[in-house]
Amino acid sequence: MEKKAPATLSNKEPNLFTNRVFQAIIFSGLFLQIGIWVRNFAVLLFVMEQTNGNAFAISMISVAEFAPIFIFSFIGGTFADRWSPKKTMVWCDVLSAISVFAVLITLIFGSWKVVFFATLISAILSQFSQPSGMKLFKMHLPEDQIQTGMSVYQTVFAVFMVLGPILGTFAFQSFGINISIAITGLAFLLSAGALAFLPKDRKLEGETRKTTLWQEMKSGVSYVLQKKELSLLGLCFLAAGLGLGFIQPLSIFLVTEQLGLPKENLQWLFMVNGIGMILGGAGVMIFAKKVAPQRLLAFGMLVNAIGLAVMGLSTNLWVTLTAEFFNGLMLPCIQIGINTMILQRTEGEFIGRVNGILSPLFTGSMVLTMSAAGMLKEQFSLVAIFETAAFFFILGMFFILPLYNQKMETKSLDTHPQDKGKVSEVVKNDM
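Now for a quick tour of the structure. (Residues numbered from 1 in each chain as written. Predicted model: local features only at pLDDT ≥ 70, side-chain atom pairs only at ≥ 80, totals over all residues. Heavy atoms only, no water.)

### A few points about the overall build of the protein chain
In step 1: A tally of regular secondary structure across the protein chain gives 14 helices and 0 strands.
In step 2: Walking the protein chain from its N terminus toward its C terminus, one meets helices and strands in the order α-α-α-α-α-α-α-α-α-α-α-α-α-α.
In step 3: Across the 431 residues in the protein chain, those meeting the buried criterion constitute 52%.
In step 4: Taking the contacts inside the protein chain whose residues are at least 6 apart along the sequence as the reference set, 89% of them involve residues at least 24 apart.
In step 5: For the protein chain, the accessible area works out to roughly 19800 Å², and carbon and sulfur atoms hold 69% of it. (Helix = DSSP H or I, 4+ residues; strand = E, 2+ residues; numbered from the N terminus. Buried < 20%, exposed > 50% of the residue type's maximum accessible area, 1.4 Å probe, protein only. Contact = heavy atoms within 4.5 Å. Areas by Shrake-Rupley, 256 points an atom, 1.4 Å probe, with all protein chains shown as cover.)

### Quick word on the packing of helix α8 (residues 251–258) against helix α13 (residues 382–400)
In step 1: Packing of α8 against α13 leaves a shortest axis separation of 11 Å and a crossing angle of 140°. Considered as vectors, α8 and α13 are oriented oblique to each other. Where α8 crosses over α13, the handedness of that crossing is left-handed. Within the contact between the two elements, α8 uses Phe253, Leu254 and Gln258 and α13 uses Leu382, Val383 and Phe386. (Axes fitted to C-alpha atoms, helices over the stretch in contact; angles between N-to-C directions. Parallel < 35°, antiparallel > 145°, perpendicular 65-115°, else oblique. Left-handed = near helix turned anticlockwise from the far one by under 90°.)

### A few points about the side chain of Ser314
In step 1: Note that Ser314 resides in the loop between α10 (293–313) and α11 (317–345).
In step 2: What makes Ser314 buried here is its relative accessible area of 7%.
In step 3: In terms of polar contacts, Ser314 uses its side chain to reach the side chain of Thr320, at 2.9 Å.
In step 4: Contact partners of Ser314, with chain neighbours within four places excluded, come to Gln258, Leu259, Val319 and Thr320. (Polar contact = N/O pair within 3.5 Å; in protein donor to acceptor, adjacent residues only side chain to side chain.)

### Brief notes about the nonpolar core
In step 1: By size, the foremost hydrophobic cluster in this structure holds 77 residues, and its most contacted members are Leu233, Leu297, Met301 and Val354.
In step 2: A per-element tally of this core places α11 first, with 11 residues.
In step 3: Core analysis: the second largest hydrophobic core is formed by 20 residues, Leu104, Val114, Ala118 and Phe188 among them. (Core = buried A, V, L, I, M, F, W, Y, C linked by side-chain atoms within 4.5 Å.)

Read these as geometric descriptors, not functional statements.
Given below as C-alpha cells:
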C-alpha cells in the first residue's frame, strides 16, 4: 500500500517561504530575538547603573545566561525528545513571559537584584525549547530545504547581532528597566502566539516506548558515540569552543594594545562582524542546495582560523577589520553546517538528546578557556593567544575532514519499519 505524504508537505514540495511551519518558526525567532536583546542590554545597563560598574555583579549576568546550558541542556534535550515539540515551545515561551512579568512586579515593589532571574529562568526554558525547534525543522521540512531553512533562521540571528545592541540600549535609555522588562515579556508572548499557528504535532514512532528518563539519557550518549559523524562533530565543537574562549574576552585588548586605538573602536569590529554574518547567511541561503554541510563547516573553520591568525598579527586597523569581516562572513557556514549535519545525520527521536550533548561541549570548552584567558594574557603575548585560537580552529577542521566527501545520510522522523530496528537496538543496548 502506498504511503501518504505528511499533511504539511505536498508531493510538489511547496516553496520554503510558503511553508506554514517555517513561517511560524521564523516569526517566533524574530520576536524571541527582540525580547532577548532588549532583556540582555536592559539588564546589563541597569546592573551597571545600580552597582557603579561592579565587575562581579556584571559577570553574574553571564553566569545566569551560560550556567543553564551546562545543567539543563542534556536534560532539556531528553525531555524535548519525549514531549510534543509544538506544545513544548509554546509552553516555554508562555512560562518565560510569566516569569518575566513576575520579575517586573517584584522589581517594582521589591529588590532590583531580582533582574538576574529574568535571564536565568528564560535561559533554563530555552534549553527545552531550542531542541524542539530543531525537531520541527526535521519533521516538517523536506530534506533538500533544511539547509536553506537553517540559513534563513541563522540570518535572523545575524541581523540581531547588529541591531540587537542598538535596540536594547534604545529601549533602556528611552523607557527604563521596567518598560524594557515588560517589552521582553510581551515579545515572548508574541513568540508563543506565532507558534500557535503551527499544525498539530504528529505522533512519532518512538513515543510508544516504555523507557525511563535515565534510560533515554544513556541511549542518547550511546547513540552519539556509535555514530562517527556525530562523534567527530562533537570534537569539532570542542575545538571551536576552546578557540573562541581565548579570544572572546580579549578583543578589547586587540584594539587598545595591538592597534593602539581607544577602546571605543571595538564597536567597528562588532559592526563589520555583524555585516559579514548577514551577508554570509544570505550567501549560504543561495548556495545551500549545492554545497554539503560538512564542506561548509570545514571551509568556515579554515577561513576563521586564517582570520584569527591575521587579527593576532595585524597592527593595521583596516587589515584587522577585513579579517574580522571574513570571520563574520564564514560564521554562518559553521553554524548552518553544524545544525544541518545534526538534522540530517540524526533520527528524529534522538535530535533533542544529540543537541543536548553537543551544545554543552561547545559552551563548556568556551567558558573553560574564557576563564583562563585573563591569566594567560599575563603570561603570554596577545599574538600567541590569537595564534593558539587559530590552531584550535584548524584542529576542529581536521576532525571534520574524514566526512568531507561523504554522501548525505538522511533519516526521517517517521521511521520506517526496517529502520526502527536500528534505532531500538541502540536503546536496548543500554537498558
